[in-house]
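So you can see what is in the structure, the chains are spelled out below.
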Amino acid sequence: MNRPDWLKDAVFYEIYPSSFYDGNGDGIGDLNGIRQKLPYVKELGCNALWLNPCFDSPFKDGGYDVRDYKKVAPRYGTNEDLYALFREAHELGIRVLLDLVPGHTSEEHPWFLESGKAERNAYSDRYVWTDFWIKGTPGHPYIGGETPRNGTYMLNFFKCQPALNYGWAKVTEPWQTPADAPAARATRDAMADVMRFWLEKGCDGFRVDMANSLIKGDDDDKSYTCALWKGLLGELRAEFPESAYVAEWGWPRQALCSADFDMDFYLDHPGNGYNRLVRSADAYLKGNDPLPFVRDYLDRYGISRDKGYISFITGNHDTPRISWYLTEEQLKVGYALLFTLPGVPFLYYGDEIGMRYLSTLPTKEGGYTRTGSRTPMQWAPGKNLGFSSGEPDSLYLPVDRAPDAPTAEEQARDPNSLLNTVKAILRLRHRFPDLQADGSFEILHARKDDPLLVYKRGTLTLALNPSDKAVKTELTGTPLFQIGTYDKGILGPFSFIVS
Ligand code: GLC
Ligand code: CA
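Residues numbered from 1 in each chain as written. Chains lettered and ligands numbered in written order. Predicted model: local features only at pLDDT ≥ 70, side-chain atom pairs only at ≥ 80, totals over all residues. Heavy atoms only, no water.

## As for the overall build of the protein
Link 1 in the chain: Helix and strand counts for the protein stand at 12 helices and 20 strands.
Link 2 in the chain: Taken against the 2.2 N^0.38 rule, which gives 23 Å for 499 residues, the C-alpha radius of gyration of the protein at 23 Å falls within 12% of a compact globule.
Link 3 in the chain: Taken along the three principal axes of its C-alpha coordinates, the protein extends 80 × 50 × 40 Å.
Link 4 in the chain: Among the 499 residues that make up the protein, the fraction classed as buried is 62%.
Link 5 in the chain: In the protein, once contacts between residues fewer than 6 apart in sequence are set aside, the share between residues at least 24 apart is 64%.
Link 6 in the chain: When the accessible surface of the protein is split by element, carbon and sulfur atoms take 51% of a total near 18,800 Å². (Helix = DSSP H or I, 4+ residues; strand = E, 2+ residues; numbered from the N terminus. Rg over C-alpha atoms; globule rule 2.2 N^0.38 Å. Buried < 20%, exposed > 50% of the residue type's maximum accessible area, 1.4 Å probe, protein only. Contact = heavy atoms within 4.5 Å. Areas by Shrake-Rupley, 256 points an atom, 1.4 Å probe, with all protein chains shown as cover.)

Structural data, given as structure tokens:
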């Protein structure tokens, strides 16, 4: 498979910059804080990072409303701090992906301010505008009354996020530009310019926000959007052959096969395999049978295996934390599964210690129900759980105040902690190429009403029992890796073995 070699053994760690580590004591996480914690990431066993947007922004959607694509948000530091982060990460063998938000900007982006002017200018077609002040964009949310321009503009997400214009698959209105028109091309080239800017500074690629929705109109099969990505990524790969790209898409046939991304997230969509594995009421990791997960996954795996990688996630900044759904015992075996399947896995910061989803927190910066998954990393007992030396009421978001809130320092001392279990699983993955992205995969046992899952990766056999009852297996011999209990073929409750 023609993908960057380093992805074969990559394990990503997703960092929400506001909440990882506050390097200067002003109450909010920053890039220098992340730099200080790189050794932690390394020791955990992750060798790649995805940073959520760290660019200049009014932060009405946590930075997914970019005001300047080429400038680090002052609250996180300077561009120089980010270049230093690239350098220091690379010295430790850690790659860094930034978050690219190509579908929309902030309403405060200079392109948009120009675009909203009455006089035609170089940015008039940079966004999707109709040609009359009360005419909307049918089927899409739109805004009028905000600018001197005689038209309304299409939104991509929140009110603050006007849609960039990559053209329309099928043009049905005079104000729509075809996908191959110069205006659409100019937007694409502007985004390529942003990507080049960071790749030249040492970034290793991008996680691409809402990658599947660039071209508007009748692009239901996404063929136009896929063609755009294939061309754009091809162009960048010619210049930066080691660069890697992961799509927020959730459908490998399009994201990997047609759009040519290296990786595609297995997102939490109602009823899909990831959902039925981790989060649904009848999820496999809650001790139910694995068939609903296995069926959906095998379908995707079959489609993707020679094309690119499916990226399993523990969670992300948009979903309740995984600990909301699973107990610590289930998490241990669940992580064992997530990190030993083919493809390139992503661990959301704090999930390695089972940080909780703080469901009652008021919304912050457009987070709403996502806010509770974005609280400060819990480093150690004591002031602000080690996140910041600032005063507790100055924190960007409060830390988990529960008396038993888990911390990395305490868990590092306990050989049976979730943290040490994650480290052990990741060490195992790094030790055996069979367990990595490209190793072969086959299901040996998955049956209705039976919580046992047995699968093969290369020459290794892995067995998992996420239920609270022991199960009998056909396995023999001594496992080379074990979580929970295993004796003479009997796999105990919440147990996992590799042999
Ligand atoms: C993606 C991001 C999410 C953001 C949205 C709009 O889904 O993950 O956090 O709010 O896009 O950019
Ligand atoms: Ca700070």
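Picking up where we left off.
## Side note on the domain arrangement of the protein
Link 1 in the chain: The domain boundaries assigned to the protein delineate domain 1 (5-101 + 183-431), domain 2 (104-165) and domain 3 (440-498).
Link 2 in the chain: Between domain 2 and domain 3, the C-alpha centre-to-centre distance is 55 Å. (Domains from an automatic or database assignment.)

## Remarks on the site of ligand 1
Link 1 in the chain: Lining the immediate surroundings of ligand 1 are 13 residues, of which Asp61, Asp209, Glu248, His317 and Asp318 lie closest.
Link 2 in the chain: At 2.8 Å, a side-chain N or O of Asp209 approaches an oxygen atom of ligand 1.
Link 3 in the chain: Contact between ligand 1 and Glu248: an oxygen atom at 2.8 Å from a side-chain N or O atom of the residue.
Link 4 in the chain: Protein chains shield 96% of the accessible area of ligand 1, which is 310 Å² for the free molecule.
Link 5 in the chain: Its residues assigned to classes, the shell around ligand 1 shows 3 nonpolar, 3 polar and 7 charged.
Link 6 in the chain: Structurally, the shell around ligand 1 is a two-domain feature, drawing no fewer than three residues from each of domain 1 (5-101 + 183-431) and domain 2 (104-165). (Near = heavy atom within 4 Å. Polar contact = N/O pair within 3.5 Å; in protein donor to acceptor, adjacent residues only side chain to side chain. Nonpolar A, V, L, I, M, F, W, Y, C, P; charged D, E, K, R; others polar.)

## Overview of the nonpolar core
Link 1 in the chain: Tyr13, Trp198, Trp229 and Phe261 are the most contacted members of the largest nonpolar core, which totals 147 residues.
Link 2 in the chain: Residue contributions to this core peak at 8 residues, all from helix H5 (residues 182-201).
Link 3 in the chain: Setting aside chain neighbours within four positions, we find Trp229 in contact with Leu100, Pro102, Val208, Ala211, Leu214, Gly234, Trp249, Ala259 and Phe261.
Link 4 in the chain: Val454, Ala463, Leu491 and Ile497 belong to the second largest nonpolar core, which has 8 residues in total. (Core = buried A, V, L, I, M, F, W, Y, C linked by side-chain atoms within 4.5 Å.)

## Overview of the pairing of strand E8 (residues 205-208)
Link 1 in the chain: Residues Gly205 and Arg207 of E8 are buried on one face, and the alternating residues Phe206 and Val208, pointing to the opposite face, are buried as well.
Link 2 in the chain: One ladder, built from 4 bridges, connects strand E5 (residues 95-100) with E8; its direction is parallel. Of the residues in E8, the one forming a bridge with Asp99 is Arg207.
Link 3 in the chain: One ladder, built from 4 bridges, connects E8 with strand E9 (residues 244-247); its direction is parallel. Directly across from Arg207, in E9, lies its bridge partner Val246.
Link 4 in the chain: Between E8 and its parallel partner E9, the chain crosses via helix H6 (residues 223-239), and the hand of that crossover is right-handed. (Pairing = 2+ DSSP bridges. Right-handed = clockwise from strand over helix to strand, strands pointing away.)

## Details of the side chain of His317
Link 1 in the chain: Its location among the elements puts His317 in the loop between strand E11 (309-311) and helix H10 (328-338).
Link 2 in the chain: Accessibility expressed as a relative area gives 1% for His317, which makes it buried.
Link 3 in the chain: One polar contact links His317 to Asp318, side chain to side chain, over a distance of 3.3 Å.
Link 4 in the chain: The contact partners of His317, leaving out residues within four places of it in the chain, are Glu14, Tyr16, Trp50, Asn52, Tyr64, Arg207, Tyr348, Arg370 and Arg374.

## Focus: the packing of aromatic side chains
Link 1 in the chain: Scanning the model with the defined rule gives 39 aromatic pairs in all.
Link 2 in the chain: Ring geometry for Phe197 and Trp198: centres 4.9 Å apart, planes at 90°, overall edge-to-face. Trp198 shares its class with Phe197; the two are buried.
Link 3 in the chain: Taken together, a centroid distance of 5.6 Å and an interplanar angle of 75° make the contact between Tyr297 and Phe441 edge-to-face. Here Tyr297, found in helix H9 (residues 291-304), pairs with Phe441, found in the loop between helix H12 (418-431) and strand E13 (442-446); they are 144 residues apart in sequence, far enough to count as distant.
Link 4 in the chain: What makes Phe441 buried here is its relative accessible area of 11%.
Link 5 in the chain: Counting every residue linked through ring pairs, the aromatic cluster contains Tyr266, Tyr274, Phe293, Tyr297, Tyr301, Phe312, Phe441 and Tyr455.
Link 6 in the chain: Lying across the ring of Tyr21, Lys37 places its NZ or CZ 4.5 Å from the centre.
Link 7 in the chain: The ring of Trp379 has Lys37 lying over it, and the distance from NZ or CZ to the ring centre is 4.1 Å. (Phe/Tyr/Trp six-rings, centres within 6.5 Å; stacked < 30°, edge-to-face > 60°. Lys NZ or Arg CZ within 6 Å of the ring centre and 35° of its normal.)

## Points about the sheet that holds strand E19 (residues 490-491)
Link 1 in the chain: Across the sheet, 3 strands lie side by side as E16-E19-E18; this open sheet has antiparallel pairing. In this open sheet, the two edge strands, each paired with only one partner strand, are strand E16 (471-472) and strand E18 (486-487).
Link 2 in the chain: As paired elements, E16 and E19 share 2 bridges and run antiparallel to each other. Within E19, the position partnered with Lys472 by the bridge is Ile490.

## A short note on a nonpolar patch on the surface
Link 1 in the chain: Taken together, Phe132, Trp133 and Ile134 make up a surface patch of nonpolar side chains, about 350 Å² in accessible area.
Link 2 in the chain: Its place among the elements puts Trp133 in the loop between helix H4 (110-115) and strand E6 (142-143). (Patch = residues over 30% accessible without salt bridge, like charges linked within 9 Å, V, L, I, M, F, W, Y side chains within 5 Å. Salt bridge = Lys/Arg side-chain N within 4 Å of Asp/Glu carboxyl O.)

## Remarks on the environment of Pro102
Link 1 in the chain: Mapped onto the elements of the fold, Pro102 is located in the loop between E5 and H4.
Link 2 in the chain: Spatially, the C-alpha atoms of Pro102 and Met195 are 10.0 Å apart, while their sequence positions differ by 93 residues.
Link 3 in the chain: Dropping the residues within four chain positions of it, Pro102 is found in contact with Leu164, Tyr166, Met191, Val208, Asp209, Leu214 and Trp229.

## Topic: H5
Link 1 in the chain: The terminal C-alpha atoms of H5 lie 28 Å apart, and with 20 residues this matches the ideal 28 Å at 1.5 Å per residue to within 8%.
Link 2 in the chain: Gly202 occupies a position one or two residues after H5 and carries a positive phi of about 120°. (Expected span 1.5 Å × (residues − 1).)

## Quick look at the packing of H5 against H6
Link 1 in the chain: Direction vectors running N to C along H5 and H6 enclose 30°, while the axes themselves pass 11 Å from each other. Judged on the interaxial angle alone, H6 and H5 are roughly parallel. For the element pair H5 and H6, the recorded crossing hand is right-handed. In contact with Arg185, Arg188, Ala192, Met195, Arg196 and Leu199 of H5, H6 contributes Gly231, Leu232, Leu233, Glu235, Leu236 and Glu239.
Link 2 in the chain: Across the contact of H5 with H6, the residue classes tally to 6 nonpolar, 1 polar and 5 charged. (Axes fitted to C-alpha atoms, helices over the stretch in contact; angles between N-to-C directions. Parallel < 35°, antiparallel > 145°, perpendicular 65-115°, else oblique. Left-handed = near helix turned anticlockwise from the far one by under 90°.)

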